Amino acid sequence: QLVNILAGMFDFLRDRQDLTRLAFAEAFAAPKEMPKALKHDKRRKRNFEFMQKLIEAGIKRGELNPTFSVHALTCGIYGALSFYLMASVIFPGTKLNRKTATEVVALYLNGAKTR
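Residues numbered from 1 in each chain as written. Predicted model: local features only at pLDDT ≥ 70, side-chain atom pairs only at ≥ 80, totals over all residues. Heavy atoms only, no water.

**Q** Help me understand the packing of helix H1 (residues 2-14) against helix H5 (residues 98-110), please; the structure alone is not making it clear to me.
**A** A pair of packed helices is captured by two measures, namely the crossing angle of their axes and the spacing between those axes. At a closest axis distance of 8 Å, the pairing of H1 and H5 adopts a crossing angle of 140°. With respect to H5, the axis of H1 lies oblique. As H1 packs across H5, the resulting crossing turns out to be right-handed. Along the contact surface, H1 presents Leu2, Val3, Asn4, Leu6, Ala7 and Phe10, while H5 presents Arg98, Thr100, Ala101, Thr102, Val104, Val105 and Tyr108. A per-class count over the contact of H1 with H5 returns 9 nonpolar, 3 polar and 1 charged. (Axes fitted to C-alpha atoms, helices over the stretch in contact; angles between N-to-C directions. Helix = DSSP H or I, 4+ residues; strand = E, 2+ residues; numbered from the N terminus. Parallel < 35°, antiparallel > 145°, perpendicular 65-115°, else oblique. Left-handed = near helix turned anticlockwise from the far one by under 90°. Contact = heavy atoms within 4.5 Å. Nonpolar A, V, L, I, M, F, W, Y, C, P; charged D, E, K, R; others polar.)

**Q** For this particular structure, what's the right way to read the confidence of the model for the chain?
**A** Caution applies to low-pLDDT regions: their predicted coordinates should not be interpreted in detail. When pLDDT is averaged along the chain, the result is 84; 83% of the residues meet or exceed 70. At the low end of the mean pLDDT range in the chain sits helix H2 (residues 17-27), at 68; at the high end sits H5, at 93. (pLDDT = per-residue confidence, 0-100.)

Following this line, the structure appears as structure tokens:
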């Protein structure tokens, strides 16, 4: 599910860098910098809560480490997603595709430490 979500976001935004820039500008704008009509706090909260429910279900199924809070695990995967979206704008050549989504999720689930 996580790979599908990240791959879907990557597919949608890969060729829409202007939209990605606008979304990050809005997200990090000072309170009075953006017109109220452009604020999408409810949508952002809904998207985060959707991811949170997936993470919570993964914990209940025993797929994710329950020593971490649902919030911390959600921030981890959401942070990785957000970074790759920013990187695609800042670092030309950053690949936004299913392979990258698979690698990001594998790193998130398994870590970088050798076993």
